Each structure stands twice: as C-alpha cells, then as structure tokens.
Amino acid sequence: MTTAEIDAWLAGVANPEQRAALERLRRVIRAAAPDAEEAISYAVPAFKYRGRPLVSYAAAKDHCSFFVMSGTALEPFADELAAFSTAKGTVRFQPDAPIPDDLVARLVKARMAETDAAAAAKESGKKSA
C-alpha cells in the first residue's frame, strides 16, 4: 500500500473537519509505531505491525472512529476514555473533541505490546514442540 493510496482515501472524506481529525490521528499513529505499515483493510486506512492488524480509523456519518481492534487493549484506559463512545475495540469521537494525542500513542503502544506478546508466545510454543 502506498502513502498515495491512503492520501487519496483521506482526500475522499467529504467533511473537512473529519478529514483533518483523521489526518492528525494518522500522524500520531505513525509517530507511535514507526515500524508499522500503512494499508487499506476493510475499505479503511489501517496500520499493520509484524504482519498483523494494529489499528485503523474511519469517518462515519456523524463521528470518527479509531479502531484499536482489541477490547483488552482498551480496558486499562477505560477511565481516560470515559468521555468517548466506546465499543469492543473501538473509540468514537467528534472531530472537534479528538482523542488526546498522548492517549492515542499509548493505545497504539498497548496494541504493539499485545502483538509482540502473541508473537513471543507463538515462538516459544514452536521451540518447545
């Protein structure tokens, strides 16, 4: 996936406030996970880490969504996310009330830690077999 394809997807977001909020979210994710690769997954921009889905984001009719893709990763941040609408692995927000950058970065790092732990467990299982 090229940066141009993600840029084109974002350019297609009709609401300029949503587009700006998602562009900001993209920058924060990239800074938090510089080794992650951008992709389109389920028709929305996503980041993959170690070949696995990490996080993604999208614009809906009346909100933006940040898909952390893990309810487990969201749990430790429940208090900080109380002001947002959440569902299993998803945080919905308004463009004029975005998820704080530092919280986004910590959520991304939590997902990376989950991915790293799963990969380590898989590797240790192979070694003991």
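## Here we look at the overall build of the protein
Stage number 1. Helix and strand counts for the protein stand at four helices and six strands.
Stage number 2. In sequence order, the protein lays out its α and β elements as α-α-β-β-β-β-α-β-β-α.
Stage number 3. In summary, the protein has a C-alpha radius of gyration of 15 Å against a globular reference of 14 Å for 129 residues, a match within 12%.
Stage number 4. Principal axes of the C-alpha set define a box for the protein whose edges measure 55 × 35 × 25 Å.

## Things to note about the environment of Ala117
Stage number 1. Checked against the element boundaries, Ala117 lands in helix H4 (residues 101-128).
Stage number 2. For Ala117 and Asp79, which are 38 residues apart along the polypeptide, the C-alpha to C-alpha distance reads 24 Å.

## With respect to the packing of helix H1 (residues 3-11) against helix H2 (residues 16-32)
Stage number 1. Running from N to C, H1 and H2 point in directions that differ by 150°, and their axes come no closer than 10 Å. On the basis of the axis angle, H1 is roughly antiparallel to H2. Listed contacts from H2 to Thr3, Ile6, Asp7, Trp9, Leu10 and Ala11 of H1 are Arg19, Leu22, Glu23 and Arg26.
Stage number 2. Looking at the contact of H1 with H2 residue by residue, the class counts come to five nonpolar, one polar and four charged.

## Side note on the nonpolar core
Stage number 1. In terms of nonpolar packing, the biggest core is built from 34 residues, with Ile29, Leu54, Phe66, Phe93 and Val108 touching the most fellow members.
Stage number 2. Looking at this core, the elements with two or more residues in it are H1, H2, strand E2 (44-49), strand E3 (52-59), strand E4 (64-67), helix H3 (71-74), strand E6 (90-93) and H4.
Stage number 3. The biggest single contributor to this core is H4, with seven residues.
Stage number 4. Apart from the residues within four sequence positions on either side, Phe93 is in contact with Ala21, Leu22, Leu25, His63, Cys64, Ser65, Phe66, Phe84, Pro98 and Ile99.

## Looking at the pairing of E2
Stage number 1. Burial analysis of E2 places five of its six residues in the buried class, the great majority of the element.
Stage number 2. By the bridge criterion, five bridges tie strand E1 (residues 37-41) to E2 in an arrangement that is antiparallel. For Glu37, the partnering residue across the bridge sits in E2 and is Lys48.
Stage number 3. Following E1, the chain reverses through two residues before pairing antiparallel with E2; Tyr42 in that reversal takes a positive phi of roughly 55°.
Stage number 4. As paired strands, E2 and E3 are joined by four bridges and run antiparallel to one another. Note that in E3 the partner of Phe47 across the bridge is Val55.

The rules behind each value
- Residues numbered from 1 in each chain as written.
- Predicted model: local features only at pLDDT ≥ 70, side-chain atom pairs only at ≥ 80, totals over all residues.
- Heavy atoms only, no water.
- Helix = DSSP H or I, 4+ residues; strand = E, 2+ residues; numbered from the N terminus.
- Rg over C-alpha atoms; globule rule 2.2 N^0.38 Å.
- Axes fitted to C-alpha atoms, helices over the stretch in contact; angles between N-to-C directions.
- Parallel < 35°, antiparallel > 145°, perpendicular 65-115°, else oblique.
- Contact = heavy atoms within 4.5 Å.
- Nonpolar A, V, L, I, M, F, W, Y, C, P; charged D, E, K, R; others polar.
- Core = buried A, V, L, I, M, F, W, Y, C linked by side-chain atoms within 4.5 Å.
- Buried < 20%, exposed > 50% of the residue type's maximum accessible area, 1.4 Å probe, protein only.
- Pairing = 2+ DSSP bridges.

Scope: geometric values only; no functional claims are made or implied.
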